[in-house]
Amino acid sequence: MTSLARTLLPEHQTEQEALSAFNVEKVRSEFPILAQKVRGKSLVYLDNAATSQKPRVVIDALSRYYEQGNANIHRGVHFLSEHATAAHDAARTIVQKHLNASDRKEIIFVRGTTEAINLVAQTYGRAHVGAGDEVLITAMEHHSNIVPWQLLCEEKRAKLRVVPMNDRGELLLDEYEKLLSGCTKIVAVSHVSNALGTVNPLREMIEIAHSRGVPVVVDGAQAVPHLQVDVQDLDCDFFAFSGHKVYGPTGIGVLYGKAALLEAMPPYQGGGDMISSVTFEKTTYNKLPHRFEAGTPDVAGAIGLGAAIEYVDRLGMENIAAHEHELLSYATERVSELSGVRLVGTAQQKAGVLSFVLDGVHPHDIGTILDQQGIAIRTGHHCAQPIMERFGIAATARASFGLYNTKEEVDALTEGIQKVREVFA
Ligand SMILES: Cc1ncc(COP(=O)(O)O)c(C=O)c1O
């Protein structure tokens, strides 16, 4: 077991105890979609990095809300509006506790990771980045942690700098230190890479950035489903994630920001709920978190996200991490045994993702042949084209794991890849 996975376990719990605390067959029975056949075969869903499936408790929370509790929030004095407002508030508290944020007002509901990062770029970024300044990202970012910063840099005539990585897909920390210059105004980095699975040494990176007075924005889209995230322990300034990747609904996500930074930021979108008072001469803005939540929010989505977070909390992130760690180790071993396979992303610390290429076969063909066997993986550049360029490839095939996957499904994947090889022999 890696030191990372080890640190995810509470001190009193051994890896064996964590694994035996986790009953994957019971977990699977809680996800209705997993019981279905796809193309006449049992569904093997290994596209969790794109989006995860939803447990019954999340589906029920959504339908219960629409069947019994639907109303607009913050605006009504009637029973349903009060009930919906309370449920929305409760969801915020669940997220706050899960991330160990120090205050509910530090949790901003947004559409997802993409919107969260754009929010920071367009508010904090526009206020703090000027001509000649630099924004530092890394070579393994998803497009949604590249393009918002590019847009900002273009507008402000600032420069986007990029921390390189080695052939295993690990960031070069000495280069990172060198690139952090007096001009750096923001560091933006993914916690876990969606294309490589690398878990970045965030605490260390944040400490280094802070020692130079630079705030750090974390793209946590691929971290929250697999790791226990503690924003106070990380000491990150902003942290973004999407509900749909952590077994919640689409259309809802979270931006965590340190209160002092959020308080000082200009508003993002204007509209209802984000104001305190409006006249044609002057508008004053609402307090946090509402200042950054203009308009009717995704009430159902927030409630569904709350149900999803409660679900993973009940299972225990340490148990989930131990289960997934064992699964990823097994998959890495089995898939790399196959001849003609090359893994892309072999960092020491990984979570959730196994990317690979197969000699002489386009990843798209791998995906299509696996699909005929009911196995769902993702093929392509995974919205991370610079990573593909770094490794000199156009695309990879990516199997990504969730808490309900099993070793039998890994076996199905390896048999499926064997079939691909036979077809192309
Ligand atoms: C690392 C990473 N960042 C950002 C995103 C964007 O997330 P969303 O499309 O939910 O906004 C993704 C989605 O795949 C991702 O994997």
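About the cut-offs
Residues numbered from 1 in each chain as written. Predicted model: local features only at pLDDT ≥ 70, side-chain atom pairs only at ≥ 80, totals over all residues. Heavy atoms only, no water. Pairing = 2+ DSSP bridges. Helix = DSSP H or I, 4+ residues; strand = E, 2+ residues; numbered from the N terminus. Axes fitted to C-alpha atoms, helices over the stretch in contact; angles between N-to-C directions. Contact = heavy atoms within 4.5 Å. Buried < 20%, exposed > 50% of the residue type's maximum accessible area, 1.4 Å probe, protein only. Near = heavy atom within 4 Å. Polar contact = N/O pair within 3.5 Å; in protein donor to acceptor, adjacent residues only side chain to side chain. Areas by Shrake-Rupley, 256 points an atom, 1.4 Å probe, with all protein chains shown as cover. Nonpolar A, V, L, I, M, F, W, Y, C, P; charged D, E, K, R; others polar. Arc of directions from axis to C-beta. Expected span 1.5 Å × (residues − 1). Salt bridge = Lys/Arg side-chain N within 4 Å of Asp/Glu carboxyl O. Core = buried A, V, L, I, M, F, W, Y, C linked by side-chain atoms within 4.5 Å.

Q: In this structure, what is going on with the sheet that holds strand β5 (residues 134-138)? I would like to understand it.
A: Strand pairs in the sheet, formed through backbone hydrogen bonds, run parallel or antiparallel to each other. Strand order in the open sheet formed by seven strands is β4-β10-β9-β8-β7-β5-β6, and the pairing between neighbours is mixed. Two strands lie at the open edges of the sheet, namely β4 (107-110) and β6 (159-163), each paired on one side alone. Geometrically, the sheet is characterised by an average inter-axis angle of 20 degrees between neighbouring strands, direction not taken into account. The strands touched by helix α6 (residues 113-128) are β4, β7 (184-190), β8 (216-219), β9 (238-242) and β10 (253-257); relative to β9, the strand with the most contacts, the crossing angle is about 155 degrees.

Q: Looking at this model, I keep getting lost on the sheet that holds strand β16 (residues 378-380). Mind explaining?
A: Taken in spatial order, the four strands line up as β13-β14-β17-β16 in an open sheet, and their pairing is antiparallel. Looking at which strands have only one partner, the edges of the open sheet turn out to be β13 (341-343) and β16. Averaged over neighbouring strand pairs, the angle between their axes works out to 30 degrees when direction is ignored. Packing against the sheet, helix α13 (residues 317-337) makes contact with β13 and β14 (353-358), and its axis sits at approximately 10 degrees to β14. Relative to β14, helix α16 (residues 407-423) is tilted by about 15 degrees, and along the sheet it contacts β13, β14 and β17 (396-400).

Q: I tried to follow the environment of phenylalanine 109 on my own but got confused; where do I start?
A: If you trace the backbone, phenylalanine 109 turns up in strand β4. By relative accessible area, phenylalanine 109 is classed as buried at 7%. Counting along the chain gives 181 residues from phenylalanine 109 to histidine 290, while the straight-line C-alpha distance between them is 9.1 Å.

Q: Looking at this model, I keep getting lost on the site of the ligand. Mind explaining?
A: Taken together, the neighbourhood of the ligand is formed by 13 residues, with Thr114, Asp219, Gln222, Ser242 and Lys245 sitting nearest. One of the side-chain N or O atoms of threonine 114 is found 2.5 Å from an oxygen atom in the ligand. Contacts to the ligand include histidine 142, whose side-chain N or O atom sits 3.4 Å from an oxygen atom. Notes on the ligand: free accessible area 390 Å², of which the protein chains cover 84%. For the shell around the ligand, the residue count by class is two nonpolar, nine polar and two charged.

Q: Just to check I follow, could you spell out helix α9 (residues 202-211) for this structure?
A: Note that an α-helix has 3.6 residues per turn; residues three or four places apart therefore point the same way. The complete set of buried residues in α9 reads Leu202, Met205, Ile206, Ile208 and Ala209. Down the axis of α9, the smallest arc covering the buried residues is 160 degrees, so these residues share one side. Summarising the geometry of α9, the exposed residues directed more than 90 degrees from the buried face are Glu207 and Ser211. Residues of α9 that are buried sit in contact with α8 (173-179), β7, β8 and α10 (231-234). Among the residues trailing α9, glycine 213 stands out with phi positive, at a value near 75 degrees.

Q: Sorry if this is basic, but what is going on with α6 here?
A: Its 16 residues place the ends of α6 21 Å apart at the C-alpha level, agreeing with the 22 Å of an ideal helix rising 1.5 Å per residue. Thr113, Glu115, Ala116, Ile117, Asn118, Leu119, Val120, Ala121, Thr123, Tyr124 and Gly125 are the residues of α6 that are buried.

Q: Would you explain the pattern of salt bridges in this entry?
A: Should the charged atoms of two oppositely charged side chains come close, the side chains can pair. Taken as a whole, this structure holds 22 salt bridges when the rule is applied. For glutamate 293, the salt bridge goes to arginine 92, with nearest N and O atoms at 2.7 Å. Note that glutamate 293 is positioned in the loop between β12 (283-285) and α12 (299-315) and arginine 92 in helix α5 (residues 79-99), a separation of 201 residues in sequence. Accessibility expressed as a relative area gives 7% for glutamate 293, which makes it buried. Across the pair aspartate 235 and lysine 258 runs a salt bridge, and its minimum N-O distance is 2.9 Å. Of the two residues, aspartate 235 sits in the loop between α10 and β9 while lysine 258 sits in the loop between β10 and α11 (259-264), which places them 23 residues apart along the sequence. Classification of aspartate 235 by relative accessible area gives partly exposed; the value is 32%. Members of the salt-bridge network, linked through shared partners, are Asp47, Arg378 and Arg398.

Q: Just to check I follow, could you spell out the environment of isoleucine 94 for this structure?
A: Turning to its location among the elements, isoleucine 94 is positioned in helix α5. As a C-alpha pair, isoleucine 94 and tyrosine 176 span 82 residues in sequence and 35 Å in three-dimensional space.

Q: What is the right way to look at the environment of asparagine 286 in this model?
A: With respect to the element layout, asparagine 286 can be found in the loop between β12 and α12. Along the chain, asparagine 286 and proline 148 lie 138 residues apart, while their C-alpha atoms are 25 Å from each other. Residues in contact with asparagine 286, not counting those within four places in the same chain, are Asp273, Met274, Ile275, Ser276 and Arg291.

Q: Sorry, what's going on with the nonpolar core here?
A: Most often, soluble globular proteins have nonpolar side chains that are buried together. Counting 81 residues, the largest nonpolar core has Tyr176, Phe239, Phe241 and Leu403 as its most contacted members. When residues in this core are grouped by element, the largest group, 11 residues, is from α12. Those residues in contact with tyrosine 176 that lie beyond four places of it in its chain are Leu136, Val163, Val187, Met205, Ile208 and Ala209. If you look at the next biggest cluster of nonpolar residues, it comprises 27 residues, including Ile146, Trp149, Leu261 and Leu262.

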